[in-house]
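For reference, the chains in residue letters:
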Amino acid sequence: MATPNETKGTILDDPDAVVDTTFDKTEDFFRKYKKVISGILGVAVLAVAGYFSYKYYTQQQNEVAQNEMYQAVYYFEADSLDKALKGSGKDLGLLDISEEYGSTAAGNLANFYVGVAYLKKGKFEDAIEYLKKFSSDDLLLQARAYCLLGDAYLEQKDVEEAINYYNKAADYYPNEYFTPRYLMKAALAYETNKDYKAAAEAYDEIIEKYYKSLEANDAKKYKARAEELAEAK
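Residues numbered from 1 in each chain as written. Predicted model: local features only at pLDDT ≥ 70, side-chain atom pairs only at ≥ 80, totals over all residues. Heavy atoms only, no water.

Moving on to the overall build of the protein chain. Along the protein chain, the regular secondary structure elements total 12 helices and zero strands. Going residue by residue from the N terminus, the α and β elements of the protein chain occur as α-α-α-α-α-α-α-α-α-α-α-α. Looking at the protein chain as a whole, 36% of its 233 residues are labelled buried. A total accessible area of about 15100 Å² is found for the protein chain, and carbon and sulfur atoms account for 53% of it. (Helix = DSSP H or I, 4+ residues; strand = E, 2+ residues; numbered from the N terminus. Buried < 20%, exposed > 50% of the residue type's maximum accessible area, 1.4 Å probe, protein only. Areas by Shrake-Rupley, 256 points an atom, 1.4 Å probe, with all protein chains shown as cover.)

Written as structure tokens, this is what we have:
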């Protein structure tokens, strides 16, 4: 039996022997599992190719959807809501664009427009459905969608959900222009719910953090009222 020193000497004297042995074992392994390894590599290649193909396809679809949206948005801005939603017969409406191009950025934006259109038409359940489909990392548009959801729920007398979405709007990338408006809506909803303490806190946040806003003066008056009602409750 070789001693440790003898073994060490053999390895140091003939390093190629180690390399050859390792190579032989690796070659045997690949020969034995050739089909499995080839299959795995094939799947990986297909996955990468599929990813880039899908990305290219969605980019192309997004361009088509954007082109289709121009006329629908024109109708929306002209307050021709039925044509905006359903199309004119020659052009697709926002509902079609949402359904056919839902995986694209334009299709996602169509959900926002559909939600707003339904809100204007007083179809609050439909408005909620489409506004919830909309998702964006835009600091203004997503907050706006949350606020509109709050409006829709408030119209349905679901004050708790309205408050939830007004607060989501206020918490989403707070800024001095829109956040005070969302906080004001939340505060008024709290008052509707007879939660005057929470209302006073929302008014106070406007006063403390957004004292330059248009809402600040009203917040001061409403805060005093809310505090009185909270004490009397």
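With that settled, the discussion passes to the pattern of salt bridges. Counted according to the given criterion, the structure contains nine salt bridges. The residue Glu191 makes a salt bridge to Arg225 at a minimum N-O spacing of 2.7 Å. With Glu191 in helix α10 (residues 179-192) and Arg225 in helix α12 (residues 215-232), this residue pair connects regions lying 34 residues apart in the sequence. Owing to a relative accessible area of 35%, Arg225 belongs among the partly exposed residues under this scheme. Among the salt bridges present, the one from Lys221 reaches Asp218, with a minimum N-O distance of 3.3 Å. A residue pair is termed a helical-turn pair when its members lie 3 or 4 positions apart in one helix, as Lys221 and Asp218 do in helix α12 at three residues. A relative accessible area of 54% places Lys221 in the exposed class. (Salt bridge = Lys/Arg side-chain N within 4 Å of Asp/Glu carboxyl O.)

Turning our eyes to something else, we now look at the environment of Glu231. Topologically, Glu231 is positioned in helix α12. Under the relative-accessibility criterion, Glu231 is labelled exposed at 69%. With 35 residues separating them in the primary sequence, Glu231 and Tyr196 have C-alpha atoms 8.8 Å apart.

Of all hydrophobic cores here, the largest spans 60 residues; its most connected members are Met69 and Leu94. Per element, the largest residue contribution to this core is nine residues, and it comes from helix α6 (residues 105-120). The residues touching Met69, leaving out its near neighbours within four places in the chain, are Leu94, Ile97, Ala106, Leu109, Ala110 and Tyr113. (Core = buried A, V, L, I, M, F, W, Y, C linked by side-chain atoms within 4.5 Å. Contact = heavy atoms within 4.5 Å.)

So yeah, pure geometry; function would need other evidence.
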